[in-house]
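Below are the chains, spelled out letter by letter.
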Amino acid sequence: MFRIGLELEEFCIDKKSNEIVLIPKDSNIPHDGCGWLIEYRSEPCKDIVDAVYSLRADEFKNVMLLDKFNVKGVRQPVMKPTKEVRMAARKRFIKSLVSFNNIYGHQCHKNTLAEAVAAVHISVTFSTEGKHGRINKLWDYADFIRHMDAAFDKEISEAKRRPGFYEIKNDGRFEYRSLPNNVDLNKLMQVVYKYKFKY
């Protein structure tokens, strides 16, 4: 069985000051572990078109919640949280250990230490039913990474990112992590749709 899903990050911005702020306390706004990124997620879907529209639905549903707490999401790939915001985040949030890798050997993106980045991640799972339930299977993800890197070379470079980043989750799920959050989702649909996944 094949499933694909999306996760899109936006910077959390105060509506009055237009500055990066932490996710408001007790707001239930979906967020990343760093504390200043809003996260929208699609359901696991059978194809990329359904995944994009599921992602858009999640974003739409959260807009009123953001408004209620006087914040908004900004789809900008690189921003600079203030020192005060970073310090406040360290007191409230626990960012998990780094577990991503890169097929070309890059250790990090091209942003400076003062800059934070926001992305759109693509999660892909191939699974089979076994005696002990569903099992996620290995597949040729390096070929998919190269396909995506080539199609979005300009967008990746302009956003101070590097090609080739991915993560293998504990359950065997694959996640492509090089795309900035401002990629054209219509282009994303077309590029992924053209890729011939080998089931």
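Quick caveat: nothing in here was measured; it's all calculated off a predicted structure.

With that settled, consider the pattern of salt bridges. Throughout the structure, instances matching the rule amount to 14 salt bridges. Residues K160 and E115 are paired through a salt bridge, measuring 2.7 Å at the closest nitrogen-oxygen approach. Of this pair, K160 sits in the loop between α4 (153-158) and β9 (165-168) while E115 sits in the loop between β5 (101-102) and β6 (116-117), and the two are 45 residues apart along the sequence. Through salt bridges with shared partners, a single ionic network connects E167, K169, E175 and R177.

Take the side chain of E7 next. One can find E7 in strand β1 (residues 2-14). In terms of polar contacts, E7 uses its side chain to reach the side chain of R41, at 3.2 Å. Residues contacting E7, with those up to four places away along its chain left out, are E39, Y40, R41, A119, V120, H121 and E175.

Take a nonpolar patch on the surface next. A cluster of nonpolar residues, V49, Y53 and Y193, forms a patch on the protein surface that exposes about 330 Å² of accessible area. Within the secondary structure, Y53 is located in helix α1 (residues 48-68). The exposure class of Y53 is partly exposed, given its relative accessible area of 47%.

Now for the nonpolar core. With 52 residues, the main nonpolar core has W36, I122, M148 and L179 as its most contacted residues. If one sorts the elements of this core by residue count, β1 sits on top with seven residues. The residues touching W36, leaving out its near neighbours within four places in the chain, are E10, F11, C12, I20, V21, L22, P81, V85, R86, A89 and A116.

Turning next to the state of the cysteines. Cysteine pairs can be covalently joined through their sulfur atoms, and such a bond is termed a disulfide. Tallied over the entire structure, the rule returns zero disulfides. With no disulfide of its own, C34 lies closest to C12 among cysteine sulfurs, the gap being 10 Å. Residue C108 stays outside any disulfide, its sulfur separated by 17 Å from that of C34, the closest cysteine.

So, how was this worked out
Residues numbered from 1 in each chain as written. Predicted model: local features only at pLDDT ≥ 70, side-chain atom pairs only at ≥ 80, totals over all residues. Heavy atoms only, no water. Salt bridge = Lys/Arg side-chain N within 4 Å of Asp/Glu carboxyl O. Helix = DSSP H or I, 4+ residues; strand = E, 2+ residues; numbered from the N terminus. Polar contact = N/O pair within 3.5 Å; in protein donor to acceptor, adjacent residues only side chain to side chain. Contact = heavy atoms within 4.5 Å. Patch = residues over 30% accessible without salt bridge, like charges linked within 9 Å, V, L, I, M, F, W, Y side chains within 5 Å. Areas by Shrake-Rupley, 256 points an atom, 1.4 Å probe, with all protein chains shown as cover. Buried < 20%, exposed > 50% of the residue type's maximum accessible area, 1.4 Å probe, protein only. Core = buried A, V, L, I, M, F, W, Y, C linked by side-chain atoms within 4.5 Å. Disulfide = S-S within 2.5 Å.

By themselves these figures say nothing about function.
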